[in-house]
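So you can see what is in the structure, the chains are spelled out below.
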Amino acid sequence: MVIGLMILTSIPTITGVGQAYSAQKTQEERQKDEARMKKFHIDVLCDLNSPYVRDIHENRIVLKDDRVWVGPKGAVNPCSQGYVAEAFYIEYPDNERNPVPLGLVSQTRADPPLLNWIYVDKSTMEVKYGNKTASIEHHVGPWDWSDDERVIIFDDAAQFTAVQHPGTWRWQLYQDMKEDGLAGYVPKGRRKVQINLIRTLMPTAT
Ligand SMILES: *[C@@H]1O[C@H](CO)[C@@H](O)[C@H](O)[C@H]1NC(C)=O
């Protein structure tokens, strides 16, 4: 798992004078990192007046075929519809990006375990997952959370779009970065719903 290396490189180092202050700051930073690295499932919230409430409201996000989907309510792994996202935040390790964006990663399979970045494909506006090579040329962040740490934010936006694949129960996750209803990315007439993504913290292993 490559991610182990990423975690190490993201821990701030202390250098030079003012060690007491630096040490304290580092501890704060570390606590912040710990909070960011708490694993969560991702649940969908949609407007209760939406005609598709029953299909997607409070359903859980799953990962399958490099793409991100609205899965069953309360799903846990193993799940027949995909790998239930088990996500957390960590800096995306790319020296070319300044400031370094906070990335979102998820385990994407159990055996052997694999962590991938969740990102927005710049050509299709689909939310996808993949390794660093697959993700680096796309929109890898910044991911964030709302002030109450409940709502997932991408590039300062709390809204995502779920798009139904015609004639199926499958809703795929998109990010309407241009805020134009995904014009040019999704064929006209597809059912689309604005949604929020909520962090549901996973029980910590004991
Ligand atoms: C990264 O993902 C790409 C395709 O998504 C794959 O071809 C490549 O082998 C992967 N690289 C590593 C190091 O796993």
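Residues numbered from 1 in each chain as written. Predicted model: local features only at pLDDT ≥ 70, side-chain atom pairs only at ≥ 80, totals over all residues. Heavy atoms only, no water.

Student: Tell me about the overall build of the protein chain, and name the residues and values.
Tutor: For the protein chain, the helix and strand inventory stands at four helices and 13 strands. For the protein chain, the proportion of its 206 residues judged to be buried stands at 43%. Within the protein chain, contacts between residues separated by at least 24 positions form 50% of all contacts whose residues are at least 6 apart in sequence. In the structure as shown, the protein chain presents an accessible area of about 11,700 Å², 50% of it carried by carbon and sulfur atoms. (Helix = DSSP H or I, 4+ residues; strand = E, 2+ residues; numbered from the N terminus. Buried < 20%, exposed > 50% of the residue type's maximum accessible area, 1.4 Å probe, protein only. Contact = heavy atoms within 4.5 Å. Areas by Shrake-Rupley, 256 points an atom, 1.4 Å probe, with all protein chains shown as cover.)

Student: Please provide a residue-by-residue account of the environment of Gln175, values included.
Tutor: Within the secondary structure layout, Gln175 lies in the loop between strand S12 (171–174) and strand S13 (192–201). When the C-alpha atoms of Gln175 and Tyr119 are compared, they prove to be 9.6 Å apart, with 56 residues separating the residues in sequence. Engagement of the side chain of Gln175 in a polar contact is seen with the backbone oxygen of Gln159, the distance being 3.2 Å. (Polar contact = N/O pair within 3.5 Å; in protein donor to acceptor, adjacent residues only side chain to side chain.)

Student: I'd like a description of the pattern of salt bridges, backed by residues and values.
Tutor: Per the counting criterion, the structure on display carries six salt bridges. The partner of Asp144 in a salt bridge is Arg36, with the nearest N and O atoms 2.8 Å apart. Taken as a pair, Asp144 in strand S9 (residues 143–145) and Arg36 in helix H2 (residues 19–36) lie far apart in primary sequence, 108 residues in all. Ionic pairing is found between Asp94 and Arg97, a salt bridge with its closest N-O pair at 2.6 Å. (Salt bridge = Lys/Arg side-chain N within 4 Å of Asp/Glu carboxyl O.)

Remember, this is a structural readout, not a statement about activity or role.
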